[in-house]
Amino acid sequence: MKRKNDYNKCGIYYTLNLISGKYKMSILYLLSINEIIRYNELKRMLIGISFKSLTKALKELEQDDLIIRTEYPQIPPKVEYSLSNKGKSLIPILNMMCKWGSNNKS
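First things first, this report covers the structure right here in the doc.

**Considerations on the overall build of the protein chain**
Scanning the protein chain from N- to C-terminus turns up six helices and three strands. Listing the helices and strands of the protein chain from first to last along the sequence gives α-α-β-α-α-β-β-α-α. Seen through its principal axes, the protein chain has C-alpha atoms that stretch 65 × 35 × 25 Å. Here the protein chain holds 106 residues, and the buried ones make up 27% of them. Pairs at least 24 residues apart make up 46% of the contacts formed inside the protein chain by residues separated by at least 6 positions. Element-wise, carbon and sulfur atoms account for 55% of the exposed surface of the protein chain, whose accessible area totals about 8,000 Å². Each charge sign in the protein chain was given a centre, from 18 positive and 9 negative side chains, and these centres are 9 Å apart.

**Focus: the pattern of salt bridges**
The final tally for this structure, using the stated rule, is four salt bridges. Glu60 serves as the salt-bridge partner of Lys56, at 3.7 Å between the closest nitrogen and oxygen. Taken together, the positions of Lys56 and Glu60, both in helix α4 (residues 51–63) and four residues apart, correspond to about one turn of that helix. With relative accessibility at 53%, the residue Lys56 sits in the exposed group. A salt bridge links Glu80 to Lys78, with the shortest nitrogen-to-oxygen separation between them at 3.7 Å. Exposure remark for Glu80: the relative accessible area of 14% places this residue in the buried category. Judged by its relative accessible area of 24%, Lys78 is partly exposed.

**Focus on the packing of helix α2 (residues 24–34) against α4**
Orientation of α2 relative to α4, taken along the N-to-C sense of each, is 70°, at an axis distance of 10 Å. Considered as vectors, α2 and α4 are oriented roughly perpendicular to each other. Along its contact with α2, which presents Lys24, Ile27 and Leu28, the element α4 presents Leu54, Ala57, Leu58, Glu60 and Leu61. Here the contact of α2 with α4 is built from residues that sort into six nonpolar, no polar and two charged.

**Re a nonpolar patch on the surface**
Together, Ile12, Tyr13 and Leu16 give the surface a local cluster of nonpolar side chains, amounting to about 250 Å² of exposed area. Checked against the element boundaries, Tyr13 lands in helix α1 (residues 11–19). In this structure Tyr13 comes out as partly exposed when scored by relative accessible area, which is 32%.

**Focus: unusual backbone geometry**
Along the chain, Ile75 connects to Pro76 via a cis peptide bond; the corresponding omega equals -5°. Positioned with a positive phi, Glu35 is a non-glycine residue whose angle comes to about 65°. For Glu35, the position within the fold is in the loop between α2 and β1 (36–38). Even without being glycine, Asp65 reaches a positive phi, approximately 60°.

What counts and what doesn't
Residues numbered from 1 in each chain as written. Predicted model: local features only at pLDDT ≥ 70, side-chain atom pairs only at ≥ 80, totals over all residues. Heavy atoms only, no water. Helix = DSSP H or I, 4+ residues; strand = E, 2+ residues; numbered from the N terminus. Buried < 20%, exposed > 50% of the residue type's maximum accessible area, 1.4 Å probe, protein only. Contact = heavy atoms within 4.5 Å. Areas by Shrake-Rupley, 256 points an atom, 1.4 Å probe, with all protein chains shown as cover. Lys, Arg positive; Asp, Glu negative; His and termini not counted. Charge placed at Lys NZ, Arg CZ, Asp CG, Glu CD. Salt bridge = Lys/Arg side-chain N within 4 Å of Asp/Glu carboxyl O. Axes fitted to C-alpha atoms, helices over the stretch in contact; angles between N-to-C directions. Parallel < 35°, antiparallel > 145°, perpendicular 65-115°, else oblique. Nonpolar A, V, L, I, M, F, W, Y, C, P; charged D, E, K, R; others polar. Patch = residues over 30% accessible without salt bridge, like charges linked within 9 Å, V, L, I, M, F, W, Y side chains within 5 Å.

Below, the structure written as structure tokens:
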């Protein structure tokens, strides 16, 4: 019996592509707790992340409509990040993953 390789058509493939990466899930989780966070606050919370990695992750999350970037026209520039409705819909999944990890870590 032949099996079809429909993995790339599966919802999990799409979901994992959106949240894969070392820091994306952490950024989403921090935004779910804090609602609105400025760039430097995120940088301080994500210990060890480089400016380049943080910027890349935030751009990808924004392009995928998971976060909202709000820029205020002032000097110095002020930029805030928050979850979009699509991003908020991922939080129950992240919470379930957190619970699973807590229950299964050795």
